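Chain residues, written in single-letter form:
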Amino acid sequence: MSKRTAQAPEPRAPEPQAPAPEPAGPRTALTLSRRRLLGTVGAAGAAGLVVGGAGGALSTAAAHEDGPAAALSSLGSTEVPFRDDRAKQQAGITTPLQASGHLVAFDLAPGSDRKAAAALLRRWSRTAEQLMAGRAPDADTGVALDAGPSSLTVTFGLGHSFFDRTGLTKHRPVQLDPLPDFSADALDPKRSNGDLWIQIGADDALVAFHALRALQKDAAGTARLRWQMNGFNRSPGATAHPMTARNLMGQVDGTNNPKPADADFDERIFVGRDAAQEWMRGGSYAVVRRIRMLLDDWEKRSRHEQERVIGRRKDNGAPLTGGSETTPMKLDATGADGLPVIPANAHARVAAPESNQGAAMLRRPFSYHDGFREDGAPDAGLLFICWQADPLRAFTQVQRKLDRGDALSPFLRHEASGLYAVPPAAAPGGYVGQPLLEG
């Protein structure tokens, strides 16, 4: 029976899991019965259960007591809970990077007030909870039939203008004040901002698209689509061992990300208990930037030049001062010529917390490719998403420093931008943003 139906799946026993390609939050796998597992081994051989050096996902058909059926792979069966008793934040912030994603913003339709917005967020929360559990919502399109949850996450945010449109201006946090202008910005207002923002991620493209369509249908009559962007990452299990993701420049991207195990992680990424707006306590702020990469120009540079622009080796992400990816940069190291080994304007140096009074943010991006421009150059780059407790002390502080002298800037174009307050996860039986809208 298809997982994505209105019926609950039958109980199954634990299935071996492939290592996650990124650090982070909880994922709960569905299970596979022992009889099915043994049947699969008998049909495919024990070696058929593991694909690739990392121990890829089980994907071979298994025998079923009532007839032939396909066993969900660990990739398809992995479920991220919509609400987690152990964590207050919404899914999709500390969740490992998924292979496919959509970013979408809506504006409330004329005449939609606070009550209408509350009803919409209630519908969206209900639909997201069903989809993330692998269940089909009412009037389902059938796009994702036969698929499991596939690590689907749906994350909701509120833009600056949402508070004006709903009469909640006095409850708008100061952290949502508009971002300053940066010299490298070439922003398209039609693809920026928005009253409401949704981040969708999944390890299956059809599951991600299914969620996008279901949520857009829920918005009909209440909110209108403002913009949409589609992204991707490397698929889990595609590398021989878990590693930090690469971007379209071929660089390891995200090495200096704060780790959930860090003592100050929650303080940096999530809004604390002393926040002025109680409804945001436990939430976070997302900065979204569409950054086009000038790949034709970048790829003309030698590997040596590229590494000096970044300040890290291209093959393993190690700093130019030596070691492995996780080795701290020696920012004071100089070469035989007396110059810094990591150039003064190298991206890794300029963006480092040590260069920004400790400022740090959790980067969780998707790559994108939207075809080709009129000049034949690829319209491709990064859907940059970063999370922090206070954008002014994190993203804005770092971006100002980059704006003044980053060797990578000539190869980038910032074309769209948004800032969103992302409330904590919904309470049991509730919806995201309920304390704000009903407080």
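Anyway, here's the lowdown on the structure attached to this text. It should be emphasised that the depicted structure is a prediction, and the values quoted were computed from it without experimental measurement.

1. Focus: the layout of surface pockets
Volume-wise, the largest pocket comes out at about 720 Å³. D253, H347, A351, R363 and F384 are the residues nearest the centre of the largest pocket, which is lined by 36 residues in total. Elements with a contribution of two residues or more to the lining of the largest pocket: β9 (284-293), α9 (347-351), β12 (378-388), α10 (395-405) and β13 (412-422). Among the elements that take part in the lining of the largest pocket, α10 stands out by supplying 5 residues, more than any other. When grouped by side-chain class, the residues that make up the lining of the largest pocket number 22 nonpolar, 9 polar and 5 charged.

2. Describing the pattern of salt bridges
Any two side chains of opposite charge can pair, so long as their charged atoms come close to each other. Within this structure, the stated rule accounts for 17 salt bridges. The residue R292 makes a salt bridge to E415 at a minimum N-O spacing of 2.6 Å. Here E415 lies in strand β13 and R292 lies in strand β9, a separation of 123 residues in the sequence. Both residues of the pair, R292 and E415, count as buried. A salt bridge links R303 to D315; the nearest nitrogen and oxygen atoms lie 3.6 Å apart. Of this pair, R303 sits in helix α8 (residues 303-310) while D315 sits in the loop between α8 and α9; the two residues are 12 residues apart in sequence, bridging distant segments of the chain. Its relative accessible area of 44% is what places R303 among the partly exposed residues. What emerges from the salt-bridge pattern is a single network uniting D188, R191, R290, R292, D370, D379 and E415.

3. Re helix α3 (residues 114-132)
Residue pairs three or four apart in sequence face the same way in an α-helix, which turns once every 3.6 residues. Taking 1.5 Å per residue, 19 residues should reach 27 Å; α3 reaches 26 Å between its end C-alpha atoms and fits that length. Regarding α3, the residues found buried are A117, A118, L120, L121, W124, S125, T127, A128, Q130, L131 and M132. Where α3 begins, the capping side chain belongs to D113, and its oxygen is found 3.2 Å from the backbone nitrogen of K115. Two residues or fewer after α3 comes G134, characterised by a positive phi angle close to 85°.

4. Let's talk about helix α5 (residues 205-219)
Taking 1.5 Å as the rise per residue, α5 with 15 residues should run 21 Å; its terminal C-alpha atoms sit 21 Å apart, in good agreement. Residues of α5 that are buried include every one of V207, A208, H210, A211, L212, A214, L215, D218 and A219, and no others. Its side-chain oxygen 3.1 Å from the backbone nitrogen of L206, D204 forms the N-cap of α5. One or two steps after α5, the chain reaches G221, where phi turns positive at roughly 85°.

5. Quick look at the pairing of strand β6 (residues 153-159)
The two faces of the sheet receive side chains in turn, since in a regular strand these alternate between them. Most of β6 sits out of view: 7 of its 7 residues are buried. Pairing analysis gives 6 bridges linking β6 to strand β7 (residues 196-202), with the strands arranged antiparallel. Bridging from a neighbouring strand, V154 pairs with I200 of β7. As paired strands, β6 and β13 are joined by 2 bridges and run antiparallel to one another. Bridge pairing in β13 links G159 to Y420.

6. Regarding the environment of Q306
You can see Q306 is positioned in helix α8. The exposure class of Q306 is buried, given its relative accessible area of 4%. Ignoring any residue separated from it by four or fewer positions in sequence, one finds Q306 in contact with Q251, W298, E299, R301 and K314.

7. Some details on the packing of α3 against α5
It is the contact of α3 with α5, at a shortest axis distance of 9 Å, that shows an interaxial angle of 155°. Of the possible angle classes, the one that applies to α3 and α5 is roughly antiparallel. Of the two possible hands of crossing, α3 and α5 adopt the one that is right-handed. Mapping the contact onto sequence places L120, R123, W124, T127 and L131 in α3 and H210, A211, A214, L215, D218 and A219 in α5.

8. Brief notes about the nonpolar core
Core analysis: the biggest nonpolar cluster contains 73 residues, and W124, L152, F156, F162, L196 and I198 have the highest contact counts within it. With 8 residues, the single largest contributor to this core is α3. Those residues in contact with L196, other than ones at most four positions away along the chain, are V104, A105, F106, L108, L120, L121, W124, G157, L158 and F162. In terms of nonpolar packing, the next biggest core, distinct from the first, is built from 20 residues, I93, L362, Y368 and A416 among them.

9. Points about the side chain of T78
Along the chain, T78 turns up in strand β4 (residues 78-79). There is a polar contact of 2.5 Å between the side chain of T78 and the backbone oxygen of S74.

10. Topic: the environment of A211
Mapping A211 onto the fold places it in helix α5. Residue class for A211 comes out buried when judged on its relative accessible area of 0%. Distance from A211 to V143, taken between C-alpha atoms, is 9.4 Å for residues 68 residues apart in sequence. Beyond its immediate stretch of four places on either side in the chain, A211 contacts L131, L152 and I200.

Reading the values: rules and limits
- Residues numbered from 1 in each chain as written.
- Predicted model: local features only at pLDDT ≥ 70, side-chain atom pairs only at ≥ 80, totals over all residues.
- Heavy atoms only, no water.
- 1 Å grid on protein atoms, 1.4 Å probe; cavity = no way out; pocket = protein on both sides within 12 Å on 5 of 7 lines; lining within 4 Å.
- Points joined across faces, edges and corners; volume = space filled by probe spheres on them.
- Helix = DSSP H or I, 4+ residues; strand = E, 2+ residues; numbered from the N terminus.
- Nonpolar A, V, L, I, M, F, W, Y, C, P; charged D, E, K, R; others polar.
- Salt bridge = Lys/Arg side-chain N within 4 Å of Asp/Glu carboxyl O.
- Buried < 20%, exposed > 50% of the residue type's maximum accessible area, 1.4 Å probe, protein only.
- Expected span 1.5 Å × (residues − 1).
- Polar contact = N/O pair within 3.5 Å; in protein donor to acceptor, adjacent residues only side chain to side chain.
- Pairing = 2+ DSSP bridges.
- Contact = heavy atoms within 4.5 Å.
- Axes fitted to C-alpha atoms, helices over the stretch in contact; angles between N-to-C directions.
- Parallel < 35°, antiparallel > 145°, perpendicular 65-115°, else oblique.
- Left-handed = near helix turned anticlockwise from the far one by under 90°.
- Core = buried A, V, L, I, M, F, W, Y, C linked by side-chain atoms within 4.5 Å.

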